Structures are given as structure tokens and as C-alpha cells.
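Analysis of the macromolecular model
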Amino acid sequence: MVRVCACLIVKNEAAHLARCLGSVQLWVDEIVVVDTGSTDETIAIARQFTERIFTFPWQDDFAAARNYSLEQATGDWILVIDADEVLVAVQEPPIPLGQQLEGSPLTAYQLLRREIGTGQQFSDFAIVRLFRNLPTLRYQGRFHEQLVSTDAEPLTIGTLETLRIDHYGYQPAQIQAKMRDRNIPILERIRASEGLPLNLLFALADMYHAVNNPTAADDC
């Protein structure tokens, strides 16, 4: 049977983590949680679902933390999910994920991610979150990290229609706090140390607009 491992990176996610892990535990054979510096009950909650808990010093680098979590996985396939997301069955009766992946010729699958509680502000979109546990598949990018293949062969990607991801992290109160207290400081530290590519500079400007700081947005 194909074994699937769920990999998460977390920090101070006590409000969401139990809901997330409860949604994935029936679908996977292993859960890996990498904590990057929680000061709340995140680790205690994670222990209710898995013994595979690791710590990784935060380096303002989402790809580095993601890749560390992938290195801890022992399954044949990896499912990447965030603490403010929930895995939802689309088809009934649910078929075990390992059984769905048995004999697959593909390298990776995209799942539909649905934004919860945002009205028409954000559209649903497909995102690659399920892929083979290969050393040639790793994330790149300190912010808005992307899965890439270091192999000469390109990724072969399908769509998994039996599961979707519901994302709760873009609700108005949460997204304001996330931009102000996490994303903007991270991007500004990266900007100071090595500069930002145009797409991230544009994203930073958008965030400053969203938190009512037009002067900083214009500077970007």
C-alpha cells in the first residue's frame, strides 16, 4: 500500500491546528509537524495527533522550513497543508488516499483550494500540494515558495478531484493581522538584506495599502 505523509510548518497555530490535523489524520499514514518558534499551545496540540514533531529555527525563509519538513517524511507521497487549512472529502464514499495513488504514473497532483469567509475577494484556485517523496522535489523562494524539480525531467501534474482544501486564513481580521505582524516584517527584512524581486515588491506594496500605510506602499 502506498504510504502518504502530511507535512506542516507551524508557529503559534493553537487556534487552528486541531481542526487541520483532525481533517487529515484519516487520509494519511504519517503526520510531520515542524514548529518554527511557537509560544502558545501549538506543540501540545500537535502531540495529540503525532509523535513526529520537530523544531526548526525560523530564518525568514519559508522554503527552508518546508524543505526541512519534507526531509522528515518517510511516506511514498507527501501532502503539504497549512494549519489554517482543512482537508475536505469531495466524493463519497471516501477512498483511502494511498489507494487512490496506487499505480499513479504522475509526479504530483493539484487540489482545489477554496477560500472561506472572504466573499468575492478571493477566487478558488488549484494548487500543487500532493507529490512524490523524492529528493529532487523541493521548495524554492523565501516568500511565496514554490515546489520545483531539480531533475532534468519536468513535473507531471494531475488534478485530484476527490479532495479539496478549505482555507480559513484570509478572513478580514486575520489577514490584516497576518500582513501587519508577519508578512510585512519578513519581507522588509529580506528587502534590507538582499532586495526583493519585482513580484514581491509589488506584493509588499499591496500589503502596505491593505494596512492603510500609503506612504510605505508608494515607496515600494
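For the structure itself, look to the data block above.
Parameters at a glance
- Residues numbered from 1 in each chain as written.
- Predicted model: local features only at pLDDT ≥ 70, side-chain atom pairs only at ≥ 80, totals over all residues.
- Heavy atoms only, no water.
- Core = buried A, V, L, I, M, F, W, Y, C linked by side-chain atoms within 4.5 Å.
- Buried < 20%, exposed > 50% of the residue type's maximum accessible area, 1.4 Å probe, protein only.
- Helix = DSSP H or I, 4+ residues; strand = E, 2+ residues; numbered from the N terminus.
- Salt bridge = Lys/Arg side-chain N within 4 Å of Asp/Glu carboxyl O.
- Axes fitted to C-alpha atoms, helices over the stretch in contact; angles between N-to-C directions.
- Left-handed = near helix turned anticlockwise from the far one by under 90°.
- Contact = heavy atoms within 4.5 Å.
- Nonpolar A, V, L, I, M, F, W, Y, C, P; charged D, E, K, R; others polar.
- Expected span 1.5 Å × (residues − 1).
- Pairing = 2+ DSSP bridges.

**Focus: the nonpolar core**
Counting residues in each nonpolar core, the largest one holds 34 residues, and the members touching the most others are Phe131 and Phe143. If you tally residues by element for this core, the top one is helix 5 (residues 172–194), at 6 residues.

**Topic: the pattern of salt bridges**
Oppositely charged side chains are able to pair whenever their charged atoms sit close together. All chains considered together, the criterion is met by 15 salt bridges. Of the charged contacts in the structure, one is a salt bridge between Asp181 and Arg180, with a shortest N-O distance of 3.1 Å. Salt bridges linked by common partners bring Arg66, Asp82, Glu85, Arg113, Glu115, Arg129 and Glu145 together as one network.

**Quick word on the packing of helix 5 against helix 6 (residues 198–210)**
Across the interface, helix 5 lies against helix 6 with an axial gap of 10 Å and an inter-helix angle of 145°. Here the hand of the crossing between helix 5 and helix 6 comes out left-handed. On helix 6, the residues that touch Gln176, Met179, Asn183, Ile184, Leu187, Glu188 and Arg191 of helix 5 are Leu200, Leu201, Leu204, Met207, Tyr208 and Ala210. When the residues that make up the contact of helix 5 with helix 6 are grouped by side-chain class, the tally is 9 nonpolar, 2 polar and 2 charged.

**Concerning helix 6**
For helix 6, which comprises 13 residues, the first-to-last C-alpha distance of 18 Å matches the rise-based estimate of 18 Å (1.5 Å per residue) to within 8%. For helix 6, every residue scored as buried is listed here: Leu200, Ala203, Leu204, Ala205, Met207 and Tyr208. Residues of helix 6 that are buried sit in contact with helix 5 and helix 7 (214–219). Asn212 lies just past helix 6 and shows a positive phi near 60°.

**A few points about the sheet that holds strand 2 (residues 30–35)**
Judged by pairing direction, the sheet is mixed, and its 8 strands sit side by side in the order 3-2-1-4-7-6-10-5 without closing on themselves. Only two strands of the sheet have a single partner each, and these edge strands are strand 3 (53–55) and strand 5 (85–89). Averaged over all adjacent pairs, the angle separating strand axes in this sheet is 35°, with direction ignored. The pairing of strand 5 with strand 10 (residues 157–167) spans 5 bridges and is classified as antiparallel. Bridge pairing in strand 10 links Glu85 to His167. Its contacts with the sheet put helix 3 (residues 62–71) on strand 1 (4–10), strand 2, strand 3, strand 4 (77–80) and strand 7 (125–132), and the angle it makes with strand 1 is roughly 145°.

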